[in-house]
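# Structural overview for review
Below, each chain spelled out in residue letters.
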Amino acid sequence: MASENAATEGVESEAALETADCRDPADFYTAVARDSVGRFCRRFLDENALTATELLHNNRHQNALSNTATFVAILTQAERTMERKGTLTPLVNEIARLTRERAKENPPPDLTPETYAGVAAGLLAGGGFLGRFLLDAALSQHIVTGRSFADKAKALLALASAPDIAEQHPETLVPIERLLGEILRSDAGTASCAQDAPFADLIGLIVTLVAGDRALPDTAPPVFRELDALMRRTPMPALRDSLMVAFRREMGKPACFTIASAGDMFGIEAVQREIMALSELSGRLRDAEGAYHGGAKTEAALQRRTAILVNEDTVPEITKGRNFVQKLRILFVLQKMPLSPTAARAVNDYLRSFFDSRDFAGRLLDCWKERADKLKGLAEVQKMVLASAFSEEDRDCIAGQVDDIQNAFLRTQRVLAPLVQTKEDPSPEAVLEIVRLAGDGAFCTGKSRMAVARVLYRQTHRPRFVRGFLLNAPTPRERLARVGWLRQSLAMVGVPFIDLGSQRVLAVDDEEGPRKLVASVLRDLGIGRVDMAADGQEALERLAANKAEYDLIICDWMMPRLNGLDLLKHVREMRTDLPFLMVTALATLEAVKRALAHQVSGYIAKPFTPDQLEEKVFLVLAQKGMTE
């Protein structure tokens, strides 16, 4: 007998492809054969809350089936499907005889959560086919008192909950997993375990078990909560496959995720919500490589569902009543869904018509009122484009188009002007306004982000900003928090941030007064560690002890024992990346050329003010940060 309550033609054809060709009694006990038995005998099994495994291992259930009025019809349908007319009756009779004899010779042992692992491991270790048969018979006997599929699932899950069973005897979970899978492959079994949950709730429960991407709701039925705990403890691939069979069956039903509201006269809002629900499911059912759990069959089930909603005629209607950017969001969601070729082409063509329109920039910017929202919105649209299903060439072209719009907006609205068109350093608050936008991901990849990055790198390393935002923090803990936030926000536009509190600087000068002045300025600037050396030789000895000791050297040129230029030569032999700021009264072109020949990072002429030294320190550290 064909599966009498298969949800859709798609599910029926899926099952038919897996029908087993059984020519020996033992063939009926394979996984595929059990699925076939479950399908052909579905009405009888569901009416009695039975699984195929129970039917194959319990003579009383077999006798009950043979006494039904539909038994002959079941055999006839199975023989027709297998093209084995008249051959199944003898095999079925032989299965009944063998089941009776095995039960008489080897009565199934009683099972409890405490004894199951040991008993099952013993049967599997020494019994071969007979051992597997006896274990399945024992499991069938254990759940025989269950009045519903849910009761039987709870009894099986109790056996699987024994401590360390997955680590010590993982093979004993396989027959439990198979029986649980048979329950879930049944429409009645799934409904029983889910306590007849509504369609949308049931789909959500199944997908959460399969994807394992979130916690089940507190209202989830007990069986599903226990299944979730089991599947998180140990891999259950066969159980996941059965859940995907249940998912595809449910998706073939005419039920909907949403219903039209009273004011939704044409049902457009309901269709939009249905599409968003399908999109979320589609995303959750993909693994890290983008493949669907359940493979092509799952994709086909989703495609059949979306084909009802999305086609050439319905695409414009689906976005009806939405503003420009909302339409783009819906269309990009549609583009990633499993669509038929014609539907996919319709979605892509409709999307391209938006980007190709002459007034695209104006219509897009009109979607927001505030300047910050416009910037964030443009960045969001570009992200949708870059993550879209367009070809790489089309993605780059359209993303560049959106970047051009934002770059023009930055110029015409003078967004960065307070930071660059000023004689004095901008206020920390003006800098922070742009930093916050950067942290919110408000700038497009391309020319816009590069323009912002150049400005922010320069301004966030200015002494006024560092003092006003970092050094004025009320506590060291708050300062660290600000540094962390600043570094994270700047990273969004590719800008490194140099935390002066973590920097280690060596000040080298043979005169105590200038040496202490440099150290005082550095400590006032927030440098975490400042060491001093009286000449180049002492500095060299410090460096030789630990080449990675310092992040910057500030060194006078004219000193006894080892002058600044000779120290620079030795430093470059040890570390080519170490910033080196030369302090000199010889600000001649020839002196500069000699220092540059050995890759000096910068120089400052005596006498200098504290502000001038601070500028130079930031300059050489910034150069190193940009090269990293």
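Residues numbered from 1 in each chain as written. Predicted model: local features only at pLDDT ≥ 70, side-chain atom pairs only at ≥ 80, totals over all residues. Heavy atoms only, no water.

## A few points about the overall build of the chain
When helices and strands are counted, the chain shows 34 helices and five strands. Taking 628 residues into account, the globule formula puts the C-alpha radius of gyration at 25 Å, and the chain, at 37 Å, lies well above it. Projected onto its principal axes, the C-alpha positions of the chain cover 110 × 65 × 40 Å. Classification of the 628 residues of the chain by burial places 49% in the buried group. Here the contacts in the chain between residues at least 6 apart in sequence split such that 67% fall between residues at least 24 apart. When the accessible surface of the chain is summed, it comes to about 29800 Å², and 53% of that surface belongs to carbon and sulfur atoms. If you average the places of the 79 positive and of the 85 negative side-chain charges in the chain, the two averages end up 3 Å apart. (Helix = DSSP H or I, 4+ residues; strand = E, 2+ residues; numbered from the N terminus. Rg over C-alpha atoms; globule rule 2.2 N^0.38 Å. Buried < 20%, exposed > 50% of the residue type's maximum accessible area, 1.4 Å probe, protein only. Contact = heavy atoms within 4.5 Å. Areas by Shrake-Rupley, 256 points an atom, 1.4 Å probe, with all protein chains shown as cover. Lys, Arg positive; Asp, Glu negative; His and termini not counted. Charge placed at Lys NZ, Arg CZ, Asp CG, Glu CD.)

## Details of the packing of helix 9 (residues 128-142) against helix 12 (residues 173-185)
Two elements in contact, helix 9 and helix 12, have axes whose closest approach is 11 Å; the angle formed by their N-to-C orientations is 55 degrees. As summarised for this structure, helix 9 and helix 12 are arranged oblique, according to the angle between their axes. When the axes of helix 9 and helix 12 are compared, the crossing they make is right-handed. From helix 9, L135, D136 and L139 reach across to helix 12, where they touch P175, I176, R178 and L179. (Axes fitted to C-alpha atoms, helices over the stretch in contact; angles between N-to-C directions. Parallel < 35°, antiparallel > 145°, perpendicular 65-115°, else oblique. Left-handed = near helix turned anticlockwise from the far one by under 90°.)

## Focus: the pattern of salt bridges
The full count for this structure, using the stated rule, is 38 salt bridges. Between E280 and R214 there is a salt bridge; the shortest N-O distance is 3.3 Å. Here E280 is found in helix 17 (residues 268-284), whereas its partner R214 is found in the loop between helix 14 (199-211) and helix 15 (222-233), with 66 residues between them in sequence. R352 is the partner of D394 in a salt bridge, and the nearest nitrogen-oxygen pair spans 3.0 Å. Here D394, found in helix 24 (residues 392-412), pairs with R352, found in helix 21 (residues 341-356); they are 42 residues apart in sequence, far enough to count as distant. A network of salt bridges, in which partner residues are shared, links D187, R249, E250 and K253. (Salt bridge = Lys/Arg side-chain N within 4 Å of Asp/Glu carboxyl O.)

## Quick look at the layout of surface pockets
Estimated volume of the second largest pocket: approximately 390 Å³. Grouping the constituent residues of the lining of the second largest pocket by class yields 18 nonpolar, five polar and no charged. (1 Å grid on protein atoms, 1.4 Å probe; cavity = no way out; pocket = protein on both sides within 12 Å on 5 of 7 lines; lining within 4 Å. Points joined across faces, edges and corners; volume = space filled by probe spheres on them. Nonpolar A, V, L, I, M, F, W, Y, C, P; charged D, E, K, R; others polar.)

## Considering helix 5 (residues 59-66)
Every buried residue belonging to helix 5 is among N59, H61, Q62 and L65, and all of these are buried. Looking straight down helix 5, one finds its buried side chains confined to an arc of 160 degrees; they lie on one side. On its buried face, helix 5 is in contact with helix 3 (42-47), helix 4 (52-57), helix 6 (71-82) and helix 7 (88-105). (Arc of directions from axis to C-beta.)

## A look at the nonpolar core
Counting 170 residues, the largest nonpolar core has F247, V310, L328, L456 and I554 as the members making the most contacts within it. Ignoring anything within four residues of it in the chain, the contact list for V310 reads I275, V315, I318, L334, L339, A343 and V347. (Core = buried A, V, L, I, M, F, W, Y, C linked by side-chain atoms within 4.5 Å.)

## Here we look at the side chain of D509
Relative to the assigned elements, D509 resides in the loop between strand 1 (504-508) and helix 30 (512-524). Judged by relative accessible area, which is 5%, D509 ranks as buried. Looking at D509, its side chain comes within polar contact range of the main-chain nitrogen of E511, at 2.9 Å. Setting aside anything within four residues of it in sequence, one finds D509 in contact with P514, R515, A533, A534, D556, M559 and K606. (Polar contact = N/O pair within 3.5 Å; in protein donor to acceptor, adjacent residues only side chain to side chain.)

## Quick word on the confidence of the model for the chain
Chain-level statistics for the chain give a pLDDT mean of 88 and a share of 94% at 70 or above. Scored below 50 in pLDDT, residues 1-13 makes 25 contacts in the model with residues more than four places away or belonging to other chains. (pLDDT = per-residue confidence, 0-100.)

## Description of helix 16 (residues 237-251)
Its 15 residues give helix 16 an end-to-end C-alpha distance of 21 Å, which sits within 8% of 21 Å, the value for a rise of 1.5 Å per residue. A large share of helix 16 lies buried, amounting to eleven of its 15 residues. For helix 16, the set of buried residues is L239, S242, L243, M244, V245, A246, F247, R248, R249, E250 and M251. (Expected span 1.5 Å × (residues − 1).)

## Overview of the sheet that holds strand 5 (residues 602-605)
Sheet architecture is open: five strands sit in the order 2-1-3-4-5, paired in parallel fashion. In the strand order of this sheet, the two ends are held by strand 2 (529-533) and strand 5, each with one partner. For this sheet the average axis-to-axis angle between neighbouring strands, irrespective of direction, equals 20 degrees. By the bridge criterion, four bridges tie strand 4 (residues 580-584) to strand 5 in an arrangement that is parallel. Each bridged residue has a counterpart across the sheet, and for M582 the counterpart in strand 5 is Y603. (Pairing = 2+ DSSP bridges.)

## Here's the deal with the side chain of E549
Its place among the elements puts E549 in the loop between helix 31 (536-545) and strand 3 (552-556). Of note is the side chain of E549, whose polar atom sits 2.3 Å from the side chain of R529. Excluding anything up to four places from it in sequence, E549 contacts R504, R529 and R575.

## Thoughts on the pairing of strand 3
The buried count for strand 3 comes to five of five residues, which makes it a mostly enclosed element. Here strand 3 shows two buried faces, one formed by L552, I554 and D556 and the other by I553 and C555. As paired elements, strand 1 and strand 3 share four bridges and run parallel to each other. Following the sheet pairing, L506 is matched in strand 3 by I553. With four bridges joining them, strand 3 and strand 4 adopt parallel strand pairing. In the strand pairing of strand 4, D556 is matched with V583.

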